Amino acid sequence: MKMTGTQAFMKCLEEENVKTIFGFPGGSVIDLYDTILKQDKIHHVLVRHEQAAVHAADAFARVTGDVGVAIVTSGPGATNTVTGIATAYLDSIPIVVFTGQVPTALIGNDAFQEVDIVGITRPCTKHNYLVKDIKDLVPTIREAFHVARSGRPGPVLVDLPKDVMASMINFPAKKEVKMRTYKPTYEPHPGQIAKACKAIMKAKRPVLYIGGGVILGKASKELTEFAKKLDIPVTMTLMGLGGFPGSDPLSLGMLGMHGTYYANMAVAKSDVLIAVGARFDDRVTGKVDEFASGAKIIHIDIDPTSISKNVEVDIPIVAGCKEAMIQMNKWVDAADINLDAKKSEMGPWLEQIKEWKEKHPLSYVEETDVIKPQFVIEKLDELTGGDAIVTTEVGQHQMWAAQFYHFNKPNTLITSGGLGTMGYGFPAAMGAQMAAPGRTVIDVAGDGSMQMNIQEFATIMQERLPIKIALLNNGYLGMVRQWQELFYDKRYSATPMEVVPDFVKLAEAYGAVGLRATKPSEVEPVIKEALATDTCVLMDFVIAREEGVFPMVPAGKATTDMLLV
Amino acid sequence: MKHTISVLLQNKPGVLSRVTGLFSGRGFNIESLSVAQTMDNEISCLTLVTRGDNAIIEQITKQLHKLIDVIKVTDISETDYVEREMALIRIKAESSTRAEVLRIADIFRARVVDVSQKSYSIEVTGSQGKIEAVTELLKPIGIQEIVRTGSIAMTRASKKY
C-alpha cells in the first residue's frame, strides 16, 4: 500500500502497540502532526516543554514496562530533549525519541532550526539513527524499538528529515528484527549458576543487593522467592526499591549514602554479596576499597560492562535477572537441601541484623509545632496503604521518600537515580498517570525542583490528570544546603530560595487545587482531602527548614562511617 | 601495557565517531588508529593501539563490544600477531648528506618515493619500533616532514594442520 512517510510512521507506532505519545510540534514535524490529527488510535499529549515530553515518556515506560515515545521538532526542540534522554540513559529506561530534522538537502548548511542531534546525543543514547532515505524509515523504526527494549534497555533517538517524511513508500510487511551485530545474552551460563549457588550455600552472612535491573528485568517475583526460600536479607538501591517488598522482615531498605544503618552494616559484614541488576555506583559503595571487603561477590547483570567496572567480582553471571533467578531457584530446588536446616543456620546472622535494626532504626525527632518532612512521607504511606505510584524530583525529599515510604511492588517508585535530574518528577507523574489511569500518583517534590518544570501544570490540566503533588517546602535547595551545613561551615552559598512563589495560588492559577499545611496536625486532613479530590492537587507542606537527611555517608567515606540522626 | 585491538564494525556514517567518542568520554587513550573497508564493503576493520592495565583493557573491549554497530572485538596482543605501520618521511638531503640518507634508507629497506634537489622522501614499513629507529637515525640529518599511518595488525594463521 502506497503511503507517505508520516503515515508509515504512525503505522509503525501501531505495530509497536503504542497508544500514547508525548510531544511538541514545530516546522520540521508539521506534516507528521497533520497526520496525527487525522487518526484516533494514538493519543498525543501536548506538553509545554520538550524536556517534559521525554520525562513523561520515560515514566510511562517505567510504569508499563514497555517503550515510551516522544516526538519533537528539530533544533531547539531536539536539544531540549537531551536532559530527558540522559536521564533515561543513566537509568536504562526504554524510550524512543523522534526528532524532526531539516530537509536532507539542507543538512550541514546551518539551516534554520538545524542541529546535529545525532551527534549531540551519541554519548547519551543506547543507539541513534538519522533516516536519510525513505526506504530505511520503517526498518529503522522497528530496529529502534527493538534496541530500546531488549538487552539492557535504554533510550534510542531517530532523526527524521522533513523531506523523507513527505516522500511516498510501499509499507513493507512486518518481520522480526534481526541484527547482525546486536544479540543480547539472556540465559545464564549453567556452570556460573552452580558456582554461585554453591557459594551461597556455604555462606554464613549472605546479603542480596538488588538494583534497577530486577525491576527492568521483571525479576521481582523470582528474586523474592529465592530470598525467602533461604532467608537471605535483601537491600535495595534507589532504583531497586520495590523490587523486593519493603515491608518484608527480610528487607533492609536502601543502602549507600542515605541508606539505613543496618543495610550498610550488613553489606560491610557480609561474607557473600549477591548483586542482582545493580552496578556498584559510587553513591552505593562509598569508598570502593572498603565496600563489602570481606565478601565473595556474585554479580548478575545483563550488561557485561557493568561487571568488574568499579568492584572486582568473584563470580560474574551475564544474564537477564529473571532468567538467572529462575535458574538459581531451580538449582536450589534440585539440590538435596534441607531448607529448614538451612534457614536455621541463618539464625545468628538475622539476629545480628535485628540488633542493628533496633539499635539504629530510621528515625527523626518529632515536633508538635513544625512539620517534619519524614512525618509527611509516613502519613502518605499510611493513607495510601503503600499502594500509590510515587514519583520524585531530586534532593532531600527524594531521599525521605525512598527511606520512609514502603515500596512493596516493582514499578511504584519513579525517580531519576543515575543522572539525578531536578524537575523530573512532575512530568514523570504525568507519564505515570497516563500509563495507569486508575492509580493514585503522587509527585513528592521540593520547592527547588518543582520550579524546574512547573509549566507542566497546563498539560496536566489539559489532560485532566488527578495527580497529587506533595511539596516539601523549606525555601532552600535543601540537599546542597545540608552539605554546606556539614562540610562547608554553614556557608549557604546560593541555596536559600529568597523568592518562592505562593504554590497554592500558582496551582489555582492553572485551575488545579492548592492546599497548605503549616502544622503537623494539618498534615493528615490535607492529604485526605487531596486523595478525595478527583483533580490535580498541590499540597504545600511548610516543613522544618533545616532538617537533614540521615543516616549519611559523607562522599568518599566507607559506608560504615555513617552520620546518624 | 600496550594493546593492539582489532574491531570489525558496520561501515556506516558516524560509526568512527561512536568509537572515538567512547574513548574520550571514558578517559581511555588512543595511541594510534587506522580504519578501512574489508572484503565485505558493509564492514570496516579498525585497528587501534591503546595503553592500560588489565581492568582498563577489559573495560575497553567490553565497552567497544557494547556499541550496537560493532561486530567483533579482538585484543590481538593476546595472540601471536603481525603488526605493521608505514611512514612517509621527507629528509633534508644536500650534497654532503645525500649518500648517508640513502644508506640509512637501504639498511631499513625503505624506498625513495620522491626526490628533489634538497630532499628525499622515503617510504618505510615495519613495526612501530622500526619506524622509531629509522626516524631517530634521520633526525640529525634533518627531517622536514613525517606522516605515519598508525598500526594495522593481523593474527597469525594457525600453524597446526
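All of the points below concern the structure found in this document. Just so you know, these numbers come straight off a predicted model, no measurement behind them. (Residues numbered from 1 in each chain as written. Chains lettered and ligands numbered in written order. Predicted model: local features only at pLDDT ≥ 70, side-chain atom pairs only at ≥ 80, totals over all residues. Heavy atoms only, no water.)

### Focus: the overall build of chain B
Move 1: If you tally the helices and strands in chain B, you get four helices and nine strands.
Move 2: Moving toward the C terminus, one meets the helices and strands of chain B in the order β-α-β-β-α-β-β-α-β-β-α-β-β.
Move 3: Each of the three principal axes of chain B carries a C-alpha extent, and together these read 55 × 40 × 35 Å.
Move 4: By residue count, 40% of the 161 residues in chain B fall in the buried class.
Move 5: In chain B, 71% of the contacts between residues at least 6 apart in sequence involve partners at least 24 apart.
Move 6: Counting every atom, chain B has about 9,200 Å² of accessible surface; 54% of that belongs to carbon and sulfur. (Helix = DSSP H or I, 4+ residues; strand = E, 2+ residues; numbered from the N terminus. Buried < 20%, exposed > 50% of the residue type's maximum accessible area, 1.4 Å probe, protein only. Contact = heavy atoms within 4.5 Å. Areas by Shrake-Rupley, 256 points an atom, 1.4 Å probe, with all protein chains shown as cover.)

### Brief notes about a positive patch on the surface
Residues and elements named next belong to chain A.
Move 1: Together, Lys-195, Lys-198, Lys-202 and Lys-296 make up a positively charged patch on the protein surface.
Move 2: Broken down by element, the positive patch gets its largest block of residues, three residues, from helix H9 (residues 190-202).
Move 3: Position of Lys-195 relative to the elements: it lies in helix H9. (Patch = residues over 30% accessible without salt bridge, like charges linked within 9 Å, V, L, I, M, F, W, Y side chains within 5 Å. Salt bridge = Lys/Arg side-chain N within 4 Å of Asp/Glu carboxyl O. Lys, Arg positive; Asp, Glu negative; His and termini not counted. Charge placed at Lys NZ, Arg CZ, Asp CG, Glu CD.)

### Examining the interface of chain A and chain B
Move 1: The interface of chain A with chain B comprises 16 residues on the first partner and 16 residues on the second.
Move 2: Between chain A and chain B the total buried area reaches about 1,400 Å² when both faces are included, carbon and sulfur atoms providing 48% of it.
Move 3: Applying the counting rule to chain A against chain B returns three salt bridges.
Move 4: For Asp-40 of chain B, the salt bridge is made with Arg-180 of chain A, and the minimal N-O distance between the two is 3.1 Å. (Buried area = accessible area lost by both parts, 1.4 Å probe.)

### Brief notes about the packing of aromatic side chains
Residues and elements named next belong to chain A.
Move 1: Per the counting criterion, the structure on display carries 14 aromatic pairs over all chains.
Move 2: Pairing Phe-280 with Phe-291 gives two aromatic rings, centres 6.0 Å apart and planes at 90°, and the pair type is edge-to-face. Placement of the pair is Phe-280 in the loop between strand E12 (272-276) and helix H13 (282-285) and Phe-291 in the loop between H13 and strand E13 (296-301), with a sequence separation of 11 residues. Residues Phe-280 and Phe-291 agree in their burial class; the two are buried.
Move 3: Connected via pairs of aromatic rings, a cluster forms that spans Phe-9, Phe-98 and Phe-145. (Phe/Tyr/Trp six-rings, centres within 6.5 Å; stacked < 30°, edge-to-face > 60°.)

### A word on the sheet that holds strand E20 (residues 537-542) of chain A
Residues and elements named next belong to chain A.
Move 1: Here we have six strands laid out as an open sheet, ordered E16-E15-E17-E18-E20-E19, and parallel in their pairing. Of all strands in the sheet, those bounded by a partner on one side alone are strand E16 (413-414) and strand E19 (513-517).
Move 2: Note that strand E15 (residues 389-392) and E16 share two bridges and pair parallel. Across the sheet, the residue bridging to Thr-391 is Ile-414, located in E16.
Move 3: Sitting on the sheet, helix H18 (residues 396-404) touches E15, strand E17 (441-446) and strand E18 (468-473), and the angle it makes with E17 is about 135°. (Pairing = 2+ DSSP bridges. Axes fitted to C-alpha atoms, helices over the stretch in contact; angles between N-to-C directions.)

### Some points on the sheet that holds strand E5 (residues 95-101) of chain A
Residues and elements named next belong to chain A.
Move 1: Across the sheet, six strands lie side by side as E3-E2-E4-E5-E7-E6; this open sheet has parallel pairing. The open sheet is flanked by strand E3 (43-46) and strand E6 (127-130), the only strands paired with a single partner. For this sheet, the mean angle separating the axes of adjacent strands, direction not counted, is 20°.
Move 2: Looking at chain direction, strand E2 (residues 20-23) and strand E4 (residues 68-72) are connected through two bridges and run parallel. Residue Gly-23 lies in a different strand from E4, and its bridge partner there is Ile-71.

### What about the side chain of Lys-468 of chain A?
Residue and element names in this part refer to chain A.
Move 1: Position of Lys-468 relative to the elements: it lies in strand E18.
Move 2: Buried and without a salt bridge, Lys-468 has Asp-534 as its closest oppositely charged side chain, separated by 7.3 Å.
Move 3: Among the polar contacts listed, one links the side chain of Lys-468 to the backbone oxygen of Pro-466, at a separation of 2.6 Å.
Move 4: Not counting chain neighbours up to four residues away, the residues in contact with Lys-468 comprise Val-441, Ile-442, Asp-443, Ala-530, Leu-531, Thr-533, Thr-535, Val-537 and Met-539. (Polar contact = N/O pair within 3.5 Å; in protein donor to acceptor, adjacent residues only side chain to side chain.)

### Some remarks on unusual backbone geometry
Residues and elements named next belong to chain A.
Move 1: The omega angle of the peptide bond from Phe-550 to Pro-551 is 0°, so this bond is cis rather than trans.
Move 2: With respect to the element layout, Pro-551 can be found in the segment after E20.
Move 3: Phi is positive for Asp-110, which is not a glycine, with a value near 55°.
Move 4: The residue Asp-110 is located in the loop between E5 and helix H6 (117-121) in this model.
Move 5: In this structure, Arg-464 takes a positive phi of about 50° despite not being glycine.
Move 6: Counting through the fold element by element, Arg-464 comes out in the loop between helix H21 (457-462) and E18.
Move 7: Its relative accessible area of 73% is what places Arg-464 among the exposed residues.

### Focus on the pairing of E5 of chain A
Move 1: Burial of E5 of chain A is extensive: seven of the seven residues sit out of reach of the surface.
Move 2: Neither face of E5 of chain A is open: one carries Ile-95, Val-97, Thr-99 and Gln-101 of chain A, the other Val-96, Phe-98 and Gly-100 of chain A, and all of them are buried.

### Some details on the state of the cysteines
All names here are of chain A.
Move 1: Throughout the structure, instances matching the rule amount to zero disulfides over all chains.
Move 2: No disulfide involves Cys-197; its sulfur sits 14 Å from that of Cys-321, the nearest cysteine.
Move 3: Since its relative accessible area comes to 6%, Cys-321 is described here as buried. (Disulfide = S-S within 2.5 Å.)

### Let's talk about helix H3 (residues 98-107) of chain B
All names here are of chain B.
Move 1: All of the buried residues in H3 are Val-101, Ile-104 and Ala-105. For H3, the angular spread of the buried residues around the axis is 100°, confining them to a single face. Of the exposed residues in H3, those oriented more than 90 degrees away from the buried face are Asp-106 and Ile-107.
Move 2: The inward-facing, buried residues of H3 abut strand E5 (81-92), strand E7 (119-126) and helix H4 (128-138).
Move 3: Phi for Arg-109, located one or two positions after H3, is positive at around 50°. (Arc of directions from axis to C-beta.)

### Some details on the packing of helix H3 (residues 50-64) of chain A against helix H19 (residues 425-435) of chain A
All names here are of chain A.
Move 1: Where H3 contacts H19, the two axes come as close as 7 Å, and the packing angle between them is 45°. Viewed along their axes, H3 and H19 adopt a mutual orientation that is oblique. Of the two possible hands of crossing, H3 and H19 adopt the one that is right-handed. On H19, the residues that touch Ala-52, His-55, Ala-56, Ala-59, Phe-60, Val-63 and Thr-64 of H3 are Pro-427, Ala-428, Met-430, Gly-431, Ala-432, Met-434 and Ala-435. (Parallel < 35°, antiparallel > 145°, perpendicular 65-115°, else oblique. Left-handed = near helix turned anticlockwise from the far one by under 90°.)

### Overview of the pairing of E15 of chain A
Residues and elements named next belong to chain A.
Move 1: Residue alternation in E15 divides its side chains into two sets, Ile-389 and Thr-391 and Val-390 and Thr-392, and both sets are buried.
Move 2: Pairing between E15 and E17: four bridges, direction parallel. In the sheet register, Thr-392 faces E17, and the bridge partner there is Val-444.
Move 3: For the handedness criterion, the β-α-β arrangement of E15, H18 and E16 is classed as right-handed. (Right-handed = clockwise from strand over helix to strand, strands pointing away.)

Without other data, these values stay purely geometric and don't point to any function.
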